[in-house]
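For reference, the chains in residue letters:
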Amino acid sequence: LYEAFVAPWDPARFGFSQRAARESVLMSVHTDRHAPLTADRIVSEPREWAVVDFATVESGRARGAVDTRIVRDGTAHALALWFETEIAEGIGFSTGPAPTSMVYARMVLPLFEPLAVRARDEAKISLSALPSIADYVWTWDTELSRDGARYGGFRQSSFFGEPHAASELRRTAD
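These notes cover the structure that comes with them. Keep in mind that what you see is a predicted model, and the values were worked out from it rather than measured.

Analysis parameters
Note on numbering: residues in each chain are counted from 1, in written sequence order. Thresholds applied to this predicted model are a pLDDT of at least 70 for local features of residues and 80 or more for the giving and counting of side-chain atom pairs; totals over whole chains, interfaces and linings are not thresholded and use all residues. To obtain the side-chain values, all non-hydrogen atoms of the structure were used and water was disregarded. Like charges within 9 Å and nonpolar side chains (Val, Leu, Ile, Met, Phe, Trp, Tyr) within 5 Å are joined into patches, using only residues over 30% in relative accessible area that form no salt bridge. We get accessible surface area from the Shrake-Rupley algorithm with a probe of 1.4 Å; when it comes to residues, only the shown protein chains can shield them. In what follows, salt bridge is the name for a side-chain nitrogen of Lys or Arg lying within 4 Å of a carboxyl oxygen of Asp or Glu. The way it works is that DSSP assigns letters per residue, a run of H or I at least four long becomes a helix, a run of E at least two long becomes a strand, and they are numbered from the N terminus. Three exposure classes are used, based on accessible area relative to the maximum for each residue type with a 1.4 Å probe and protein chains only: buried under 20%, partly exposed in between, and exposed over 50%. Only when DSSP finds a minimum of two bridges between them are two strands counted as paired. Only the six-membered ring of Trp is used, alongside the rings of Phe and Tyr, when aromatic pairs are assigned; centres must lie within 6.5 Å, and planes under 30 degrees apart are stacked while those over 60 apart are edge-to-face, with the rest tilted. We count a charge as sitting over a ring when the NZ of a lysine or the CZ of an arginine lies within 6 Å of the ring centre and within 35 degrees of the ring normal.

The next thing to look at is a nonpolar patch on the surface. A grouping of Phe 83, Ile 87, Ile 91, Phe 93, Val 103 and Tyr 104 is seen on the molecular surface, where their side chains present a nonpolar patch of about 620 Å² in accessible area. With respect to the secondary-structure elements, Ile 91 resides in strand β5 (residues 91-94). Taking relative accessible area as the criterion, Ile 91 reaches 51% and is therefore assigned exposed.

What follows deals with the pairing of strand β7 (residues 122-131). Relative to β7, strand β2 (residues 62-69) runs antiparallel, the two sharing eight bridges. Considered in β7, the bridge of Thr 68 is made with Ala 123. Summarising the sheet, β7 and strand β8 (residues 136-146) pair through ten bridges and their orientation is antiparallel. Of the residues in β8, the one forming a bridge with Leu 127 is Trp 140. Where β7 folds back on β8, the antiparallel hairpin that results is connected by four residues.

Positionally, Glu 23 belongs in helix α3 (residues 19-26). When its relative accessible area of 29% is taken as the criterion, Glu 23 is described as partly exposed. With 17 residues separating them in the primary sequence, Glu 23 and Val 6 have C-alpha atoms 8.9 Å apart.

What follows is about the packing of aromatic side chains. Applying the stated criterion across every chain yields a total of six aromatic pairs. An angle of 45° between the planes, with centres 5.7 Å apart, marks the rings of Trp 49 and Trp 138 as tilted. Residue Trp 49 is located in the loop between β1 (30-31) and β2, and its partner Trp 138 is located in strand β8; the two are separated by 89 residues in the primary sequence. Of the aromatic side chains, those joined through ring pairs into one cluster are Phe 83, Phe 93 and Tyr 104. Directly above the aromatic system of Tyr 151 lies the positively charged group of Arg 146, at a separation of 4.3 Å from the ring centroid.

All right, on to unusual backbone geometry then. Backbone geometry at Arg 120 places phi at a positive 85°, although glycine is not the residue there. Along the chain, Arg 120 turns up in the loop between β6 (107-117) and β7. Overall, the relative accessible area of 62% leaves Arg 120 in the exposed class. For Asp 147, which is not glycine, the phi dihedral falls at a positive 50°. On the secondary structure map, Asp 147 appears in the loop between β8 and β9 (149-157). Asp 147 sits in the exposed class, given a relative accessible area of 79%.

Written out as structure tokens, the structure is:
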């Protein structure tokens, strides 16, 4: 999945740097629609990030932080977000990783660079989704540590994933 995001921007492909385009892609929100995420590709324990009760929600903003543990050795490429819903008592569904595809894709927030992880490493993740004119501005901060020592992490935002007109920014600030 990660390779599909970055491969078109490999400098070896055309003989010149496409760093700006690659960085833009890695600061953008994606889905796993073309390569569905399965449970065997997840390297950490899933964690609940936010709860939205549509009967009482007043704002489209969501922020939260989670700590999770890496459960197997591998390479972390992205954060994957999905939802679980209860439509009525005892009736609901999940878009979490599964062996079969779902109607709804999972959201994928790529890491700026893949990171080698080991079982028992710790990950601290802060996420925010703030409404903007067209959609949401997503921010994802990751920090990985092993035996209490930080060894990797990134601060990323979809704000930097695409250009914005000054007029859009002024409307969003109002």
